[in-house]
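What the coordinates show
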Amino acid sequence: MENKTEKEKVEKMPIDEMTSKDYYFDSYAHFGIHEEMLKDEVRTLTYRNAMYHNRHLFKGKTVLDVGCGTGILSMFAAKAGAAKVYGIEMSNIVEHAKKIVTANNLDNVVEIIQGKVEEVTCQ
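Residues numbered from 1 in each chain as written. Predicted model: local features only at pLDDT ≥ 70, side-chain atom pairs only at ≥ 80, totals over all residues. Heavy atoms only, no water.

Description of the sheet that holds strand 2 (residues 84-89)
Stated precisely, the cut-off is as follows: At least two bridges found by DSSP between two strands are what make those strands a pair. Under the DSSP-based scheme used, a helix requires at least four consecutive residues in state H or I and a strand at least two consecutive residues in state E, with every element numbered from the N terminus. Where helices are involved, their axes are fitted lines through C-alpha atoms of the stretch in contact, as for all axes, and angles between N-to-C directions lie from 0 to 180°. Here a residue-residue contact requires only that any non-hydrogen atoms of the pair lie within 4.5 Å.
Taken together, three strands build an open sheet; the order of strands is 1-2-3 and the sheet is parallel. With one partner strand each, in any of the chains shown, strand 1 (62-66) and strand 3 (110-114) form the two edges of the open sheet. Between one strand axis and the next, the sheet turns through 20° on average, direction left out of account. Sheet topology note: the strand 2/strand 3 ladder contains five bridges and is parallel. Pairing of glycine 87 across the sheet is with isoleucine 112, part of strand 3. On the sheet, helix 6 (residues 72-79) packs against strand 1, strand 2 and strand 3 and is oriented at approximately 175° with respect to strand 2. The sheet strands contacting helix 7 (residues 94-103) are strand 2 and strand 3, and the helix crosses strand 3 at an angle near 170°.

Printed below as a string of structure tokens:
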């Protein structure tokens, strides 16, 4: 399910060869951007409340979280009753997202996948 060749290309790519696309995906690999979003309580709680107050829309469903970052919205969807959640993220933050999901005992519902949404296959 992982597109390791694309990941490896970006990791080993000399900075002077990186394109704007490479910089974009790489920027989401850093904690700072995710910390900033998570600390925005209005944003985070609004997403959570929207999911929790509409559990009927999630119950038993399969959810695709594109650009899942740390996996926070994937976990909200799982807690709202989703049967399966696929979190897709291109940047290397996925390694942390997987640990966060496991630490919250949601790895039986949430699957974090590294890759571009256009290139990933969910099973």
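A closer look at unusual backbone geometry
It is generally the case that most residues other than glycine have a negative phi and that most peptide bonds are trans. Definition in use: Partly exposed residues are those whose accessible area sits between 20% and 50% of the maximum for their type, while under 20% is buried and over 50% is exposed, using a 1.4 Å probe and protein chains only.
Here the phi dihedral of asparagine 105 falls at roughly 55°; this positive angle occurs in a residue that is not glycine. Relative to the helices and strands, asparagine 105 is located in the loop between helix 7 and strand 3. The exposed category is assigned to asparagine 105, whose relative accessible area is 60%.

Structural notes on the pattern of salt bridges
Which entries qualify depends on this criterion: For this analysis, a salt bridge means a side-chain nitrogen from Lys or Arg found within 4 Å of a carboxyl oxygen belonging to Asp or Glu.
Under the counting rule described, the total for this entry stands at one salt bridge. Residues glutamate 111 and lysine 84 are paired through a salt bridge, measuring 3.4 Å at the closest nitrogen-oxygen approach. With a gap of 27 residues between them, glutamate 111 in strand 3 and lysine 84 in strand 2 connect regions that are remote in the sequence. Judged by relative accessible area, glutamate 111 falls into the partly exposed class, the value being 24%.

Describing the confidence of the model for the protein chain
Selection criterion: For every residue, the pLDDT score states the predictor's confidence, bounded by 0 at the bottom and 100 at the top.
Taken as a whole, the protein chain shows an average pLDDT of 80; of its residues, 68% reach a score of 70 or greater. Taken element by element, the predicted model of the protein chain shows its lowest mean pLDDT in helix 1 (residues 4-12) (49) and its highest in helix 5 (residues 55-58) (97). Confidence over residues 1-5 falls short of pLDDT 50; this stretch has 11 contacts with residues more than four positions distant or in other chains.

Structural notes on a nonpolar patch on the surface
We apply this condition: Within the patch definition used here, like charges are joined within 9 Å and nonpolar side chains (Val, Leu, Ile, Met, Phe, Trp, Tyr) within 5 Å, considering only residues with over 30% relative accessible area and no salt bridge. Working definition of accessibility: Shrake-Rupley area with a 1.4 Å probe, residue cover restricted to the visible protein chains.
Residues Leu64, Val66 and Val117 make up a contiguous nonpolar surface patch of roughly 240 Å² in combined accessible area. Looking at where valine 117 falls in the secondary structure, it is placed in the segment after strand 3. Residue valine 117 is classed as partly exposed on the basis of its relative accessible area of 36%.

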